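Observations on the three-dimensional arrangement
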Amino acid sequence: LVVLVHGLNGDPTDLAFIQRALQNDWPVHVWNSQANRHTTQCGVDVAGCLLAEEIRDLLHTTPHIRRLSFIGHSLGGLLIRYAVSLLYEWMRHGTMVSCTFEIFATFATPHIGARRSRNR
């Protein structure tokens, strides 16, 4: 399963072109996350938890999927990082089915933060 996560103030259609390209060229199941559709300003912790819950529920309903990869745009990359830490903990404590994390790819994600505006 490849999970796509959009950026700040985005929605799943932002990554629809990546979803189509992956599905056309590779034998892979792609999930374009709906968890934070237009609700990305609630904080990385809240939005990341919503993403983790969405993935946990998806894995619960699709028992044949046990390998996870992620592609995130901008803030979506930070949400993935937070969600993966929760998923790992849930697996470790036995509250979620076990799976393997494979690929983590982001683009335009501020992994080391962003500069503060000089106008502030």
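Scroll up a little and you will see the structure.
The structure contained in this document is the topic of the report that follows. The shown structure was predicted, so the numbers you read here are calculated from the model rather than taken from an experiment.

Cut-offs used in this document
Residues numbered from 1 in each chain as written. Predicted model: local features only at pLDDT ≥ 70, side-chain atom pairs only at ≥ 80, totals over all residues. Heavy atoms only, no water. Pairing = 2+ DSSP bridges. Helix = DSSP H or I, 4+ residues; strand = E, 2+ residues; numbered from the N terminus. Axes fitted to C-alpha atoms, helices over the stretch in contact; angles between N-to-C directions. Contact = heavy atoms within 4.5 Å. Salt bridge = Lys/Arg side-chain N within 4 Å of Asp/Glu carboxyl O. Buried < 20%, exposed > 50% of the residue type's maximum accessible area, 1.4 Å probe, protein only. Phe/Tyr/Trp six-rings, centres within 6.5 Å; stacked < 30°, edge-to-face > 60°. Lys NZ or Arg CZ within 6 Å of the ring centre and 35° of its normal. Core = buried A, V, L, I, M, F, W, Y, C linked by side-chain atoms within 4.5 Å.

Let's shift gears to the sheet that holds strand β3 (residues 67-73). On the basis of which strands lie adjacent, the open sheet formed by 4 strands has the order β2-β1-β3-β4 and parallel pairing. Here the strands that pair on one side only, and so sit at the sheet edges, are β2 (30-32) and β4 (100-107). The sheet shows a mean angle of 15 degrees between the axes of neighbouring strands, direction not considered. Sheet topology places strand β1 (residues 2-5) next to β3; 4 bridges connect them, and they run parallel. Looking across to β3, one finds that V5 is bridged to G72. Contacts from helix α3 (residues 75-92) reach β1, β3 and β4 within the one sheet, and its direction differs from that of β3 by about 155 degrees.

Right, let's get into the pattern of salt bridges. Counting across every chain of the model gives 3 salt bridges. With its nearest N and O atoms 3.6 Å apart, the salt bridge here joins D57 to R56. Notably, a salt bridge pairs R92 with E89, separated by 3.0 Å at the nearest N-O pair. With R92 and E89 both in helix α3 and 3 residues apart, the pair spans about one turn of that helix. Residue E89 is classed as partly exposed on the basis of its relative accessible area, which comes to 29%.

Right, let's talk about the packing of aromatic side chains for a bit. Scanning all chains against the criterion turns up 1 aromatic pair. We note R56 situated over the ring of W90; from NZ or CZ to the ring centre the distance is 4.6 Å.

Attention shifts here to the nonpolar core. Nonpolar side chains tend to gather and get buried jointly when the protein is soluble and globular. Formed by 23 residues in total, the largest nonpolar core has its most connected members in V3, L51, I55, L68 and L87. The element contributing the most residues to this core is α3, with 9 residues. Ignoring any residue separated from it by four or fewer positions in sequence, one finds L51 in contact with V3, V5, S33, A35, N36, L79, I80 and A83. Ranked by size, the runner-up nonpolar core spans 7 residues in total, among them V2, L15, I18 and V30.

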